[in-house]
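Spelled out from the first residue to the last, the chains are:
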Amino acid sequence: MRFLAISGSARGVSTNTAMLSAVSAIARPDHEVIVFSRLSELPVFSPDAEKGSLPQPVRILAELIADSSGLIVSSPEYVRSVPGGLKNAIDWLVSREELIGKPIALMHASHRGEDMLAQLRLILSTVSDRFTPEVFLNFNLMKLAPEEISQELMKVPNREKISAFLRTFANHCA
Ligand SMILES: Cc1cc2nc3c(=O)[nH]c(=O)nc-3n(C[C@H](O)[C@H](O)[C@H](O)COP(=O)(O)O)c2cc1C
């Protein structure tokens, strides 16, 4: 099964992106996890901009979503909310068909961020009728470097948690 893993962070050394990259490595060969960390390339959404042809970065993201069996979203909290780049991407996609029936699960790379998680759960349950809030995996990776995150998640208990998360999500997507 192929999953698209969207990072809500535009940081080069993002803990969320590094966690999703580790998930991608652990998923193989049973599943393919494609990490998308290019939300900063999307222009600011306006309903006017939907009328012509889609901007290329938005079209690429829409196609990646369409080609996936499910989405995994992992995001930092900014000012007790969802970062603008992630919300902007959802605004671009909300009137389109790719998200509506798409299974979506959340991961999280911090021990904080409950306000963002609550808001993101509300948003995702609005845009998809197959958001699965119960399929959730959280690690406390705040302030770790990408290579430290890779080492941490490759430890057997963490690999097992990630494999179980992917198995459960795959069952929901099937
Ligand atoms: C502009 C800004 C605002 C933030 N606001 C919050 C916040 O309201 N609550 C919180 O717990 N962390 C907040 N943080 C911390 C980030 O959520 C946290 O460092 C996160 O793990 C970063 O994820 P990343 O490494 O994937 O970029 C903020 C960070 C930035 C840069």
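Above this text you will find the structure in question.
Residues numbered from 1 in each chain as written. Predicted model: local features only at pLDDT ≥ 70, side-chain atom pairs only at ≥ 80, totals over all residues. Heavy atoms only, no water.

1. Some points on the sheet that holds strand 3 (residues 70-74)
The line we're drawing: Strand pairing is defined by DSSP finding a minimum of two bridges between the two strands. Counting from the N terminus, the helices are the DSSP runs of H or I reaching at least four residues and the strands are the DSSP runs of E reaching at least two. Between N-to-C directions, angles cover 0 to 180 degrees, with each direction set by a line fitted to C-alpha atoms, over the stretch in contact for helices. Contacts were defined at the residue level, with two residues in contact if any of their heavy atoms lie within 4.5 Å.
Spatially, 2-1-3-4-5 is the arrangement adopted by the five strands of the open sheet, whose pairing is parallel. Looking at which strands have only one partner, the edges of the open sheet turn out to be strand 2 (32-36) and strand 5 (131-138). Averaged over all pairs of adjacent strands, the angle between their axes in this sheet comes to 25 degrees, without regard to strand direction. Pairing between strand 4 (residues 104-108) and strand 5: four bridges, direction parallel. Residue pairing for strand 5: Ile104 is matched across the bridge by Phe131. Contacting strand 1 (2-7), strand 2, strand 3 and strand 4, helix 1 (residues 15-27) runs over the sheet at an angle of about 160 degrees to strand 2. Packing against the sheet, helix 6 (residues 156-173) makes contact with strand 1, strand 2, strand 3, strand 4 and strand 5, and its axis sits at approximately 170 degrees to strand 5.

2. Brief notes about the nonpolar core
Across soluble globular proteins, nonpolar side chains have a tendency to be buried as a group. For clarity, the cut-off: As used here, the term nonpolar core means buried Ala, Val, Leu, Ile, Met, Phe, Trp, Tyr and Cys residues forming a set that is joined through side-chain atoms within 4.5 Å. Only protein chains enter the accessibility calculation, which uses a 1.4 Å probe. A residue is then buried if its area is under 20% of the maximum for its type, exposed if over 50%, and partly exposed in between.
Among the nonpolar cores identified, the biggest contains 28 residues, and Ile6, Leu61, Leu86, Leu120 and Leu124 are the most heavily contacted of them. For this core, the secondary-structure elements that each account for two or more residues are strand 1, helix 2 (56-66), strand 3, helix 3 (84-93), strand 4 and helix 4 (114-127). Here this core takes six residues from helix 4, the largest share from any one element. Apart from residues no more than four positions distant in its own chain, Ile6 is found in contact with Leu20, Phe36, Leu39, Leu61, Leu71, Ile72, Val73, Ser74 and Leu86. Counting residues in hydrophobic clusters, the runner-up holds 26 residues, among them Ala22, Ile26, Ile72 and Leu137.

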